[in-house]
Protein chains: 2
Amino acid sequence: MNTKMNDIILAHNETKAKNLLERLDKKKPLFSCVIGVTETAKIQGISAAGANPEITDYTPPADVELLHLGKCKCIPGVPVTPDGIPTPALITMSALNLADIPTLVVSAGLRIKPQIPYVEIGGCPGKDIRTGKALDNAEEVVSRAKILGENLSKTADYLVVGESIPGGTTTALSVLLAMGVDAKGKVSSSMPMNPHELKIKTAQEALKAANIKEGQFCDDPVAAVSAVGDPMQPAAAGLIVGAAKNVPVIMAGGTQMAAVLAVVAGLNKDILDNVAIGTTRWIVNDKTSDIRGLVSKIADVPVLAADLDFSQSQFDGLKAYEAGVVKEGVGCGGAATAAILKSKGEITKNTLLEQIEHNYKQLVG
Amino acid sequence: MNTKMNDIILAHNETKAKNLLERLDKKKPLFSCVIGVTETAKIQGISAAGANPEITDYTPPADVELLHLGKCKCIPGVPVTPDGIPTPALITMSALNLADIPTLVVSAGLRIKPQIPYVEIGGCPGKDIRTGKALDNAEEVVSRAKILGENLSKTADYLVVGESIPGGTTTALSVLLAMGVDAKGKVSSSMPMNPHELKIKTAQEALKAANIKEGQFCDDPVAAVSAVGDPMQPAAAGLIVGAAKNVPVIMAGGTQMAAVLAVVAGLNKDILDNVAIGTTRWIVNDKTSDIRGLVSKIADVPVLAADLDFSQSQFDGLKAYEAGVVKEGVGCGGAATAAILKSKGEITKNTLLEQIEHNYKQLVG
């Protein structure tokens, strides 16, 4: 492997990870961001992807407006945590711009529509998983997303699929439990103090309301997401399955993508050789979650991580990432990885930080 | 030029046409279909893109369902003219499938949503142009479509941009008049007896209602389409302008694309070297319209035409194309051209006809 790629960490399944990086050399990626909302995010204490729970409906559309316009239109400023720490879309935007990577947003189910082009695949906002009836039409969404993935795979050399959905690690937990992956205490959080107990309680209530036992849907991913999932999961999984028939796909996200991986593996095991998870150093080093443990229970795929490091940043809002705030989202780790790869290492963690700080100054102040 | 490309007619501006074909050799296209509806199509006698005027709202979504699914979902069967002649989407579908060309549908403004993935860019159905206030937000649509075009141009080697909008030649006439191109008697029709008088009367009523004189908006394409256009025009024009900054674009359509060309030229003259019109033999040979005359009044771009010939077809529903029914639509000429090019001439007018007949038999009976 090119030694210039030092800023990509081979975090899990190292040989496969290395092979994948070689396959992606000189290739042109397409970045796709699957966005959605779920009422689950409005449970107090679940999500920090917004200044308060009610505003989480605006976070995904604002994130993708930032990617395409360099500013948000549906909200003033940019999405922030309750403590004012800015969205990881800042990282994604910086990486995509630096490496000139094309982007296509996919709506999986939204209350607020972004003021940019986005692909509609017929999804709806997710209901609170504690109803046990989270999604109405997951099967149709999977099928339309597959068509999209197949078509995109004929134009791009590989796909990077990110996500933005507040509350997504809780719905990841419940789907993983429904599919028989014991993810309790293993999903990550956008908060430094990971509220595992609240997530577990919520997921268990969801399974109870759906009248299912842990593992009951181990072979039925559509039933699992329909009962206790979120709209991003079937959309991203369909997109990945459709694309990975033809080209490699980097699933860009943290432990939310472990749940998507379980859905992907349930839909079509044959494409797993074309799949990797791409995330951040903050996720693979996170002591409150365990992405390697989760992935190894699901499928033998590699995990890459962009070696992003904000410890020397001049801005407290970025330094906070080192304290475990945010960590991942909007495919920032996968986008940074793709930027490093596409530039053959000319883009480094340092040039990325420079660009991120530049954008931070403009947008956050 | 490859002599195997005999089935592509250099219909206008031959040297530029030849150069373009050389530039597209060994390149990978992306086919995009911009669909929309306008109340203008419901004026009795204007459009044959549907069994009756009221059903024209279903024609564009049904057309693109055919492209992605091989069948329609929002209507039984396939769109037909009042005489039962099937949609040109049959040709497009056959060409795209044969050459394995990826496809992305763009909604410019619909009443009925297709049950396949499509890009939403914020457009609305067009009002009857006789209101003089056809479109509400053309500027925003142009701007979002540009973003889409820019992004797609970074993943595909070239774009083929088709359209499906019933009533589109009448709105083409009115926009061309508003922009100072005398198109009276020059736009084509999906009917053998081109109802020029009705179209001219409708367009003149539209200009009067908008309180504008012919040529008044020669430098303001957004004002022209806002007053007397249809939603496909700003969407396709934005997409083309965004993409043609970086890659060649085949504007796939008949005289409707002449109106889009006028809008494109008004938005950005600098990208015209990357633009060509791609249509059918039926359009370039049509005695009731004049695509060469229209194009030469607007911009010095080439016209290519797929040499489709259904005279030997075993099906009356296809033979009817030779009698001047349908002629063009859903980018069928540009899609056929791209299929011939991508296959380096292995796909010919004959293999196309075989595939079209095969699909005709399955879908029309």
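Heads up: the structure comes first, above all this text.
What counts, and at which threshold
- Residues numbered from 1 in each chain as written.
- Chains lettered and ligands numbered in written order.
- Predicted model: local features only at pLDDT ≥ 70, side-chain atom pairs only at ≥ 80, totals over all residues.
- Heavy atoms only, no water.
- Least-squares fit on C-alpha atoms with pLDDT ≥ 70 in both.
- Buried < 20%, exposed > 50% of the residue type's maximum accessible area, 1.4 Å probe, protein only.
- Helix = DSSP H or I, 4+ residues; strand = E, 2+ residues; numbered from the N terminus.
- Salt bridge = Lys/Arg side-chain N within 4 Å of Asp/Glu carboxyl O.
- Contact = heavy atoms within 4.5 Å.
- Buried area = accessible area lost by both parts, 1.4 Å probe.
- Polar contact = N/O pair within 3.5 Å; in protein donor to acceptor, adjacent residues only side chain to side chain.
- Pairing = 2+ DSSP bridges.
- Right-handed = clockwise from strand over helix to strand, strands pointing away.

J.: Can you explain the relation of the copies chain A and chain B? Please cite residues and give values.
T.: Superposing chain A onto chain B takes a rotation of 180° plus a shift of 0.0 Å along the axis, which leaves an RMSD of 0.0 Å. In symmetry terms, the pair is related by a two-fold rotation axis. Judged by C-alpha distance, V119 of chain A is the residue of chain A that lies nearest the rotation axis, at 2.1 Å.

J.: Any details on helix 13 (residues 332–342) of chain A? Residues and values, ideally.
T.: For helix 13 of chain A, the buried fraction is high: 10 of the 11 residues fall into the buried class. Among the residues making up helix 13 of chain A, those that are buried are C332, G333, G334, A335, A336, T337, A338, A339, I340 and L341 of chain A.

J.: Tell me about the pattern of salt bridges, and name the residues and values.
T.: Taken as a whole, this structure holds 40 salt bridges over all chains when the rule is applied. Among the ionic contacts, a cluster of salt bridges with common partners joins R281, D307, D309, E322 and K349 of chain A.

J.: Account for the interface of chain A and chain B, with residues named and values stated.
T.: Contacts between the two partners involve 24 residues from chain A, matched on the other side by 24 residues from chain B. Both sides of the chain A and chain B interface together cover about 2200 Å² of buried area, and 57% of this is carbon and sulfur. In terms of surface lost to chain B, no three residues of chain A exceed P117, K154 and T155 of chain A, which account for 25% of the buried area on that side. Inspection of the region where chain A meets chain B yields four salt bridges. With a closest N to O distance of 2.8 Å, D100 of chain B and K154 of chain A form a salt bridge. Between the two partners, chain A and chain B, sit seven residue pairs in polar contact (both at pLDDT 80 or more). Listed by contribution, the elements that provide at least two residues to the side of chain A that touches chain B are helix 2 (59–69), strand 3 (103–109), strand 4 (118–120) and helix 4 (138–153) of chain A. The biggest single contributor to the side of chain A that touches chain B is helix 4 of chain A, with five residues.

J.: Outline the pairing of strand 7 (residues 275–280) of chain A, supporting the account with residue identities and numerical values.
T.: Residues and elements named next belong to chain A. With respect to burial, strand 7 is a largely interior element, six of its six residues being buried. By the alternation rule, side chains of strand 7 split into V275, I277 and T279 and A276, G278 and T280, which are all buried. With four bridges joining them, strand 6 (residues 249–252) and strand 7 adopt parallel strand pairing. From the neighbouring strand, I250 faces strand 7, where its bridge partner is A276. One crossover worth recording links strand 6 to the parallel strand 7 by way of helix 9 (residues 255–267), and it is right-handed. Where strand 7 lies against strand 8 (residues 303–306), four bridges are found, and the strand directions are parallel. Within strand 8, the position partnered with G278 by the bridge is L304.

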